[in-house]
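Below are the chains, spelled out letter by letter.
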Amino acid sequence: MIERRWETRLLALLAAVLVVFGLVAVYGASSLVTTPAGDVGAGFALRQLFGAIAGGIVATVVARSDYHRWQRAAWPLLAATALLLLIPLLPFTRSIAPAINGARRWVSFGFVTVQPSELAKFTVVVWCAMLAAKKGEQIRTFRLGVLPFLTVLMPLLALIFFEPNLSMALLVAVLAGVVLFTAGARIGHFLVLAVGSAPLLFSAVASAQYRLARVLTFLNPGSAPAEATWQVHQSLVGIGAGKLLGVGLGQGQQKLGYLPYAYSDFIFSTIGEEWGFVGVSVMLLLLGTFVWLGFRIARSADSRFGQLLAVGLTGSIGISAILHVGVTLALLPTTGVTLPFISYGRSSLFMSLLVTGVLVSVGEGRGGVGR
Amino acid sequence: MAKLAVRLQVIQAAMFVGLVALIGRAAQVQLVQGRRWASEAQIQRTEHIVLSARRGALLDRYGTPLALTQETYHVGVAPNELRDPERDGATLARQLHLALPDVRQTLSRRYAYFAGPFSAIQVQPLRAMRGVHLEAVVNRFYPRPELAHAVIGRVGDDGRGASGLELVLDSVLTGRPGAAVVLKDRAGREYESPARVIAPPVAGSDVVLTLDAELQDIAQRALDDAMRRTKADGGDVVMLDPATGEVLAVASRRRDGAVRASAFTDTFEPGSIAKIFAAGALLARGLVAPDERVSGEGGRYRLAKRTIVDEEPLPELTLADAIRVSSNIAIVKLAARLTPAAQYTTLRDFGFGAPTGIEFPTEAAGRLRPPVEWSRLSAASLAMGYELSVTTIQVAAAYGALANDGILLQPTLIRQIRGAEGDVVYRHRPEPVRRAVTADVARALRELLRGVVEHGTGTEAALATFPVAAKTGTARRVVRGRYAPGQYTASFAALFPADHPQIVLVVKIDNPRSGSYFASETAAPVTRSMLEQALAARDVALDRARLSTAAPRSPAAGPEEYGGVVPYVVTWPYQPDTAVPLFPPLARPRRPVPDVAGRNLREAVHVLHRQGFRVVLRGWGVARRTSPVAGDSAAPGSAVTLFAGPAPTPRAAPAPAPAPVPVPPTP
């Protein structure tokens, strides 16, 4: 176990570097938004810093504890997540789950506000890894292998979808798929599921104006409504204006109202503007290295649960990052996916750090028992 | 587990493909298309703005502002953006001088708008307040809009001069606007920083006019009074400093309310006030001896097919008599000795038939026909002041030449131009046009004019204190090409004082309908009233030191004593009380001190000036009482102390409407 300690150390270091990078980027992108609102310029960055500290402490504790605990806690965790996801859907809970931008995605507990769907990314991966590890080769059958997963996950995804948060529901589904795929589920099953869910997906997109607009924008930028193209276009303007070396930290001007959510959903655009292609490449390579280390840890984990857990969690970081960057570069339709470690949002940051902690725990083989 | 490793490889490969795709796309956007995106960013975020330059001010000769450019503000408030509506509402009410309940009421709307306009000082504390949006408006402000309105003119909606001096001086007053590039956000709000100033604005030059606000005020009021009394169609008053050609006051009024500087733009046949120039031609050529007499012809003199009439004939007249009683017959008979060329040249030399060159956009040239176009009667007509048309300013300039020992000066309205940094870029110097007559002839002509006031048609203009030289003119008016029956132009040209004149004053009244139409009874008393007020006013550009030497009627003190340079502005060297003995203690009847309590200061001072009192001011605001008290009597020219205090309720009630000014009966 000693020989792979460098991977876990590097992973932790990468996480720390990314968090610091993120704090700086959040400060730069949010200061102009906060000042006219009568807030101190560093307000967003400070709140993010508290999230980072809390997440760091939890991650350290998790990293030093046995990851098999997650296996045992998988069912209760999933139940708790489902409960949390249910809260915003209930009509009498508006006081603790207010609508923000037309969606009720946050639950407030007074001292802390949680985004249950961020939590779902983690618990679904844990639960899938647990069940897939338990099923072993049974996973290749439909009735005993795939069907139980579908039975439990479909209602959960529905809860996320009705927040409404289609992209997060899709992301969670993809993560579950990654775990099952790694565990050895049949490719034929995936094809059937994909074909079967296509009409569902289509009707989901068509049911909401903003989703349709975003997809149309993506498919045909010229013909779509002006406001829908605006975000993507401004994101490209920002990134493009950064050219090779960027305009300099804090010097970006797209955040002057041109680019909405320059500190969260489009923070990569801000980074591209201020740090240029060099900064973009460094950022992507840092995240890529993180994912590569995650898969290395997965490959050499000391249990099947550990392997599947590491793959799923690494995938959650990697896929989120690809989605986020793809959106800002107009490679994907606009969705509100955060960039792990970087984007403003304490739930997202906390979960990223938790993932890091679990990966370190897996990597250091804190299972106690060998295979 | 081999299977797991393979599947993991697949996922890892997919991720790697994603990463490569993202980096490739980033390279495309940033490295290949970067320039295009950057220029688009530049275009959408920056804006070229024009930094407007302040338009120069117009000031009177002592620096009293007549036209200023000020920035005022409208205040818009978005009540939902206010941090503390209660406190901010109170601040707004206090700063904008509005009633608090009204402000609260307005703030209950979705967007509150206070049109104002409010001054920069008023809105300064509001700048930092969230939810308050200031809208700056640059506007031209005329502190006393009625003062010399037509001459000063106005600016158009585009901020450029549209009429009068604002138009003439537009290129001087307009500065050079600057330019800057500012950063703007999506909502169009501009950010102070980073802003790049390409060229700073250069403020326009300030122009100091020759006008004397005090004299201008006196002239306008006197003209208004005269118009009211005579029910005239219009009138002009021009006051000129003969030593420099500087116009001290120019007032024009039309009964229809039209704002027109008719003193510069409207021509009229001068009538008898032009007789002095025929006399000048005769004297200059030695064609008449001082004691030479011509027959008065019993008041009717037939010349060709025309009969020339004198209203009050004398049996025999010298040239002095002809001017004094304004005898048509005598001046026609004498002027017959002149060749047409000599008569024409003299009038031409005094500036008739050509624009004076004063800085006014639409100055009229008047008309003086050359001898080849004359009829047989033209010489006689011209001697009487007919068959030529002149403007009031031309008459003033020509009489100025008489006062200035025969040298015609170009009249001017501009005394000084100061650049944006206060440097003087132009200073007016007297601009001689030509010598019209010799100094001796000019002096002789002034003596003739003096006779008019002492014993002739101009006695109504006589002052007890100083001798005045003047000439009356009552000319028939031409309406639609023919002489209109019963319509006259009454005019009066005066030199004050007669020795070494300091003010040339020309009054013209068009078509007086009420009472006498003779200039001696219409224009002459107006002149006296103005001169009295000018003497009583403290700040008028009179060289009182020289007045005092002139007073004893000794022609000793000449301009030579001043090194040949006439100091046309000398600050009042005496304390008001010590100045009183300057006026000869004539047995003038004492006058009652009027009651001015409750009037605003300007009105009060004006009323006292009209009575011939000098005013010593104590305090500021509204007139309270005087010393001597109202109803008491004091000698004209003596000082009356006016005590003033703050208005009792300055905002609730406007300043008390000025009661009709009691006009002292003209003796």
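Residues numbered from 1 in each chain as written. Chains lettered and ligands numbered in written order. Predicted model: local features only at pLDDT ≥ 70, side-chain atom pairs only at ≥ 80, totals over all residues. Heavy atoms only, no water.

Which parts of the structure should I look at to understand the overall build of chain A?
Per the secondary structure count, chain A includes twelve helices and two strands. In chain A, the order of α-helices and β-strands from amino to carboxyl end is α-α-α-β-β-α-α-α-α-α-α-α-α-α. Classification of the 371 residues of chain A by burial places 56% in the buried group. In the structure as shown, chain A presents an accessible area of about 15,200 Å², 71% of it carried by carbon and sulfur atoms. (Helix = DSSP H or I, 4+ residues; strand = E, 2+ residues; numbered from the N terminus. Buried < 20%, exposed > 50% of the residue type's maximum accessible area, 1.4 Å probe, protein only. Areas by Shrake-Rupley, 256 points an atom, 1.4 Å probe, with all protein chains shown as cover.)

I would appreciate a short explanation of the pairing of strand 8 (residues 206-209) of chain B in the present structure.
Side-chain positions along a regular strand alternate between the two faces of the sheet. Residue and element names in this part refer to chain B. Of the two faces of strand 8, the one lined by Asp206 and Val208 and the one lined by Val207 and Leu209 are each fully buried. Here strand 2 (residues 58-59) pairs with strand 8 via two bridges, running parallel. Bridge pairing in strand 8 places Leu58 opposite Val207. Taken together, the four bridges between strand 8 and strand 18 (residues 414-418) define a ladder with antiparallel strand orientation. Bridge assignment links Val208 to a residue of strand 18, and that residue is Gln416. (Pairing = 2+ DSSP bridges.)

What am I meant to see in a nonpolar patch on the surface here?
There is a patch of nonpolar side chains on the surface, built from Leu46, Leu49, Phe50, Ile53, Ile57 and Val61 of chain A and spanning about 560 Å² of accessible area. Examined against the element boundaries, Val61 of chain A turns out to sit in helix 2 (residues 43-63). (Patch = residues over 30% accessible without salt bridge, like charges linked within 9 Å, V, L, I, M, F, W, Y side chains within 5 Å. Salt bridge = Lys/Arg side-chain N within 4 Å of Asp/Glu carboxyl O.)

Even after reading the chapter, I still don't get the packing of helix 10 (residues 267-299) of chain A against helix 12 (residues 346-363) of chain A, so can you show me in this structure?
Between two packed helices, the angle of one axis relative to the other and the distance separating the axes together describe the packing. Residue and element names in this part refer to chain A. Direction vectors running N to C along helix 10 and helix 12 enclose 40°, while the axes themselves pass 9 Å from each other. Judged by the inter-axis angle, helix 10 sits oblique to helix 12. When the axes of helix 10 and helix 12 are compared, the crossing they make is left-handed. Across the interface between the two elements, Phe290, Gly294 and Ile297 of helix 10 pack against Thr356, Leu359, Val362 and Gly363 of helix 12. (Axes fitted to C-alpha atoms, helices over the stretch in contact; angles between N-to-C directions. Parallel < 35°, antiparallel > 145°, perpendicular 65-115°, else oblique. Left-handed = near helix turned anticlockwise from the far one by under 90°. Contact = heavy atoms within 4.5 Å.)

When you look at the pattern of salt bridges in this model, what are you seeing that I'm missing?
Here the idea is simple: oppositely charged side chains can pair when their charged atoms come close. All names here are of chain B. Counted according to the given criterion, the structure contains 37 salt bridges over all chains. Taking the shortest distance from any N to any O, the salt bridge between Glu166 and Arg55 comes out at 2.9 Å. Of this pair, Glu166 sits in helix 7 (residues 164-168) while Arg55 sits in the loop between strand 1 (46-51) and strand 2; the two residues are 111 residues apart in sequence, bridging distant segments of the chain. Accessibility assignment for this pair places Glu166 and Arg55 in one class, buried. The salt bridge partner of Asp233 is Arg513, with a shortest N-O separation of 2.4 Å. Placement of Asp233 in the loop between helix 9 (213-230) and strand 9 (234-241) and of Arg513 in the loop between strand 23 (503-510) and helix 18 (523-536) is noted, with a sequence separation of 280 residues between them. Classification of Arg513 by relative accessible area gives partly exposed; the value is 46%.

Honestly, helix 2 (residues 34-45) of chain B in this entry has me stumped. Any pointers?
Each full turn of the α-helix corresponds to 3.6 residues, which orients residues three or four apart in the same direction. All names here are of chain B. Compared with an ideal rise of 1.5 Å per residue, which puts twelve residues at 16 Å, helix 2 spans 16 Å between its outermost C-alpha atoms and is within 8% of the ideal. The set of residues buried in helix 2 consists of Gly34, Trp37, Ala38, Ala41, Gln44 and Arg45. Along the long axis of helix 2, the arc covered by the buried residues comes to 135°, so they all point the same way. Counted as exposed and oriented over 90 degrees from the buried face of helix 2: Arg35 and Ile43. (Expected span 1.5 Å × (residues − 1). Arc of directions from axis to C-beta.)

When you look at the interface of chain B and chain A in this model, what are you seeing that I'm missing?
Where interface size is given, it is often the accessible area lost as the parts come together that is meant. Taken together, the contacts link 37 residues of chain B with 53 residues of chain A. In total, about 4,000 Å² of surface goes out of reach between chain B and chain A, with carbon and sulfur atoms giving 67% of it. Breaking the side of chain B that touches chain A down by element, the ones donating at least two residues are helix 1 (2-32), helix 2, strand 6 (178-184) and strand 7 (190-199) of chain B. Split into classes, the residues belonging to the side of chain B that touches chain A amount to 20 nonpolar, six polar and eleven charged. (Buried area = accessible area lost by both parts, 1.4 Å probe. Nonpolar A, V, L, I, M, F, W, Y, C, P; charged D, E, K, R; others polar.)

What is the right way to look at the side chain of Ser491 of chain B in this model?
You can see Ser491 of chain B is positioned in strand 22 (residues 482-496). If sequence neighbours within four positions are ignored, Ser491 of chain B has contacts with Pro270, Ile273, Lys471, Thr472, Gly473, Val507, Lys508, Ala519 and Ala523 of chain B.

Honestly, the nonpolar core in this entry has me stumped. Any pointers?
Note that soluble globular proteins tend to have their nonpolar side chains buried in a common cluster. In terms of nonpolar packing, the biggest core is built from 114 residues, with Trp70, Phe122, Trp127, Phe305, Leu309, Phe341 and Ile342 of chain A touching the most fellow members. Beyond its immediate stretch of four places on either side in the chain, Phe305 of chain A contacts Tyr67, His68, Trp70, Gln71, Val126, Ala129, Met130 and Ala133 of chain A. Judged by nonpolar contacts, the second largest core, of 91 residues, contains Ala150, Leu347, Met384 and Leu413 of chain B. (Core = buried A, V, L, I, M, F, W, Y, C linked by side-chain atoms within 4.5 Å.)

Just to check I follow, could you spell out helix 3 (residues 68-86) of chain A for this structure?
All names here are of chain A. Between the first and last C-alpha of helix 3 there are 27 Å, a value that for 19 residues agrees with the 27 Å anticipated at 1.5 Å per step. Where helix 3 bends most, at Ala74, the angle is about 60°, and the proline Pro76 comes one to four residues later. Of all the residues in helix 3, the buried ones are His68, Trp70, Ala74, Leu78, Thr81, Leu84 and Leu85. Packed against the buried residues of helix 3 are helix 2, strand 1 (107-108), helix 4 (116-135), helix 5 (142-161), helix 11 (304-328) and helix 12. (Bend = angle between axes of the 7 residues up to and from the residue.)

Explain the confidence of the model for chain B to me, please; I cannot follow it from the model alone.
The predicted coordinates of low-pLDDT regions are not to be read in fine detail. All names here are of chain B. The share of residues in chain B with pLDDT of 70 or more is 87%, and the mean pLDDT across the chain is 81. Helix 20 (residues 576-579) is the least confidently modelled element of chain B, averaging 34 in pLDDT, while helix 16 (residues 392-403) averages 94, the highest of any element. In the predicted structure, residues 650-667 sits below a pLDDT of 50 and forms 17 contacts with residues beyond four places in sequence or in another chain. The ipTM assigned to the predicted complex is 0.87, against a pTM of 0.61. (pLDDT = per-residue confidence, 0-100.)

Can you walk me through the packing of helix 9 of chain B against helix 21 (residues 601-610) of chain B in this structure?
All names here are of chain B. Packing of helix 9 against helix 21 brings their axes to within 12 Å, and their N-to-C directions diverge by 70°. Taken together, the axis directions place helix 9 and helix 21 in an arrangement best described as roughly perpendicular. Within the contact between the two elements, helix 9 uses Glu214, Asp217, Arg221 and Asp225 and helix 21 uses Arg602, Glu603, His606, His609 and Arg610. Class assignment of the residues belonging to the contact of helix 9 with helix 21 gives a composition of no nonpolar, two polar and seven charged.

I tried to follow the sheet that holds strand 26 (residues 622-627) of chain B on my own but got confused; where do I start?
The pairing of strands in a sheet comes from backbone hydrogen bonds and takes either a parallel or an antiparallel form. Residue and element names in this part refer to chain B. The strand order across the open sheet built from three strands is 25-28-26, with neighbouring strands paired in mixed fashion. Each end of this open sheet is capped by a strand with a single partner; those strands are strand 25 (614-618) and strand 26. With strand direction ignored, the average angle separating the axes of adjacent strands in the sheet is 35°. When strand 26 meets strand 28 (residues 639-645), the two strands line up antiparallel, connected through five bridges. Paired with Ser627 across the strands is Thr641, a residue of strand 28. Against the sheet, helix 21 makes contact with strand 25, strand 26 and strand 28, and its axis sits at roughly 165° relative to strand 28, the strand it touches most.

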